[in-house]
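Here is how the chains run, residue by residue.
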Amino acid sequence: MALDGAALVLGLLSAGSSYFAWNEWDKYQAIKNTPRSTVRSIAMGRTELHGTIKANKPLRAPLTGSKCVAYTYKIEEHHHDDDGSDWHTVKQGSDQATASLKDDTGTVTVNLNGVSIEQGTTWQEDNSTWDDPPENLEKHLEQLDVDHEGWFGLNKRMRYTETRINQGDQVYLLGTARDNPDVEDGTATNSTDDIIIEEANNQFMIATGNESSLRSSKKWTAFGLVALSAVLTISTLTYIIVA
C-alpha cells in the first residue's frame, strides 16, 4: 500500500507539472504571437503595449506601504513537527487599480483587475524566534490582523513576500482592448479615450521586464516543467512495476 500511495502522489505531481507547463506555454505563445502596438494604433481585441503605468488613485502595498498599481502578498509561518518542517500560508491577497498607460503616442485606460504580475518588484523579509520584524512591518501586520508572536511572547518564524508594479513603472502589458463603457459614444476627444484595456480569455499579463526576457522565461519554464513531468511519470511507472 505504501508503494501505491507513493505512486499516487507521484502521479498527481506529474499531472500538476503538466498543467503548469501547458499554462506557461500558453502564455509564451500569447506573448510571441501578439504584435506590439502603440497606444495611437490600438485595434480592438488582444493587444500588446509598452509604456509608463500610473493610477490616479495608487494603491498602498500592504507589507511595505509602497505606492503601486497592482500587488500580491503572502505571509507564511514555519511549522516543525515529527513529520518534518514546512512553510504554511497564514494570509495572502492581491489588489489592482484602474490606471493609465502612456507611451510616446498617447494614453489609454487600463482596468488591471485580474491581471497576472509576471515580473515586478519583489520584496521579502524573514524573522526568526529571536528577531522582531522591522517596526514599519509590525505596523502593517497589525493592520492585516496578523500576529507574529507565539507562546510567552516569543516570535514565530515568519516569511513575508510582496510583489508589486510600482506607480510610474515602465511595463509590458498584454490584454484585450474594448470599448470603454464609462465613456459615452461621440464624447471622446481623441481615438483612445473610449478604449479600455482589460482581462479576457485568461490572457492578461503585466511585467516590468522587457518582452524578450519575459518570453524566454515562459518558454524555458514550460520546458523545465515538461521535463519534470516526464521524470515523475517514469518514476510512477517504476513504482507500479516494482510493486
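Calculation notes
Residues numbered from 1 in each chain as written. Predicted model: local features only at pLDDT ≥ 70, side-chain atom pairs only at ≥ 80, totals over all residues. Heavy atoms only, no water. Helix = DSSP H or I, 4+ residues; strand = E, 2+ residues; numbered from the N terminus. Polar contact = N/O pair within 3.5 Å; in protein donor to acceptor, adjacent residues only side chain to side chain. Salt bridge = Lys/Arg side-chain N within 4 Å of Asp/Glu carboxyl O. Buried < 20%, exposed > 50% of the residue type's maximum accessible area, 1.4 Å probe, protein only. Phe/Tyr/Trp six-rings, centres within 6.5 Å; stacked < 30°, edge-to-face > 60°.

J.: Tell me about the side chain of Ser66, and please be specific about residues and values.
T.: Looking at where Ser66 falls in the secondary structure, it is placed in the loop between strand E2 (59-60) and strand E3 (67-81). Only 2.9 Å separates the side chain of Ser66 from the side chain of Thr64, close enough to count as a polar contact. Among the polar contacts made by the side chain of Ser66, one reaches the side chain of Arg164 at a distance of 3.4 Å.

J.: Please give an account of the pattern of salt bridges that cites residues and values.
T.: What the rule picks out here adds up to eight salt bridges. Linking Glu162 and Arg164 is a salt bridge whose minimum nitrogen-to-oxygen distance equals 2.9 Å. Under the relative-accessibility criterion, Arg164 is labelled buried at 10%. A salt bridge links Arg178 to Glu198; the nearest nitrogen and oxygen atoms lie 3.2 Å apart. Placement of Arg178 in strand E10 (residues 170-179) and of Glu198 in strand E11 (residues 195-198) is noted, with a sequence separation of 20 residues between them. The class for Arg178 is partly exposed, based on a relative accessible area of 38%.

J.: Run through the packing of aromatic side chains, naming residues and quoting values.
T.: Using the criterion set out here, one finds four aromatic pairs in the structure. For the pair Trp25 and Tyr28, a centre-to-centre distance of 4.8 Å together with 40° between the ring planes defines the contact as tilted. Residue Trp25 and its partner Tyr28 are located together in helix H1 (residues 2-33), separated by three residues, close to a single helical turn. When its relative accessible area of 9% is taken as the criterion, Tyr28 is described as buried. Note on Trp220 and Phe223: the rings are 5.4 Å apart at their centroids and 85° apart in plane angle, and the pair reads as edge-to-face.

What is shown is where atoms sit, not what they do.
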